[in-house]
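Here's the letter readout for the chains.
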Amino acid sequence: MLLETHLGIMKQMVVDDSDPDFDEPQIQHLLQSAEGIRKDYPNEDWLHLTALIHDHGKILVLPKSGELLQWAVVGDTFPVGCAFDESNVRHKYFKKNPDFNN
């Protein structure tokens, strides 16, 4: 039941704006992830499920689930105390981070 609810909500066209390489709905990303893991690790059922639900929190951007802003729900987390790598998505915005010069 929970999985059906999760997938039903994700079909509502959640697109992660923080991923410039993938403009498909999250359900497509989840299915691709789960299928890739299934092929690479066919005997690890728990890992297939983990791949399928790994972005579950992104439903928080939908009106039914709180309608939070994307920046509060998606994206990457970076450690502080070291330089931000220029390969990070939208690296230029790190300049506004107080830890940029530390």
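Refer to the structure presented above.
Residues numbered from 1 in each chain as written. Predicted model: local features only at pLDDT ≥ 70, side-chain atom pairs only at ≥ 80, totals over all residues. Heavy atoms only, no water.

Participant: I'd like to hear about the packing of aromatic side chains, residue by residue, with values.
Facilitator: Aromatic rings considered in pairs are described by the distance between their centres and by the relative angle of their planes. Following the criterion strictly, the structure yields one aromatic pair and no others. Ring plane angle 10° and centroid distance 4.2 Å describe the contact between F84 and F94, whose orientation is recorded as stacked. Separated by 10 residues along the polypeptide, F84 in the segment after α3 (45–53) and F94 in the segment after α3 bring together distant segments of the chain. (Phe/Tyr/Trp six-rings, centres within 6.5 Å; stacked < 30°, edge-to-face > 60°. Helix = DSSP H or I, 4+ residues; strand = E, 2+ residues; numbered from the N terminus.)

Participant: Now, about the packing of helix α2 (residues 26–40) against α3: what can you tell me, with residues and values included?
Facilitator: One way to put it is that α2 packs onto α3 with a least axis distance of 7 Å and a crossing angle of 160°. It follows that α2 is roughly antiparallel to α3 by the angle criterion. With respect to the hand of their crossing, α2 and α3 are arranged in right-handed fashion. Seen from α2, the contacting residues are L30, L31, S33, A34, I37 and R38; seen from α3, they are L47, H48, A51 and L52. Across the contact of α2 with α3, the residue classes break down as seven nonpolar, two polar and one charged. (Axes fitted to C-alpha atoms, helices over the stretch in contact; angles between N-to-C directions. Parallel < 35°, antiparallel > 145°, perpendicular 65-115°, else oblique. Left-handed = near helix turned anticlockwise from the far one by under 90°. Contact = heavy atoms within 4.5 Å. Nonpolar A, V, L, I, M, F, W, Y, C, P; charged D, E, K, R; others polar.)

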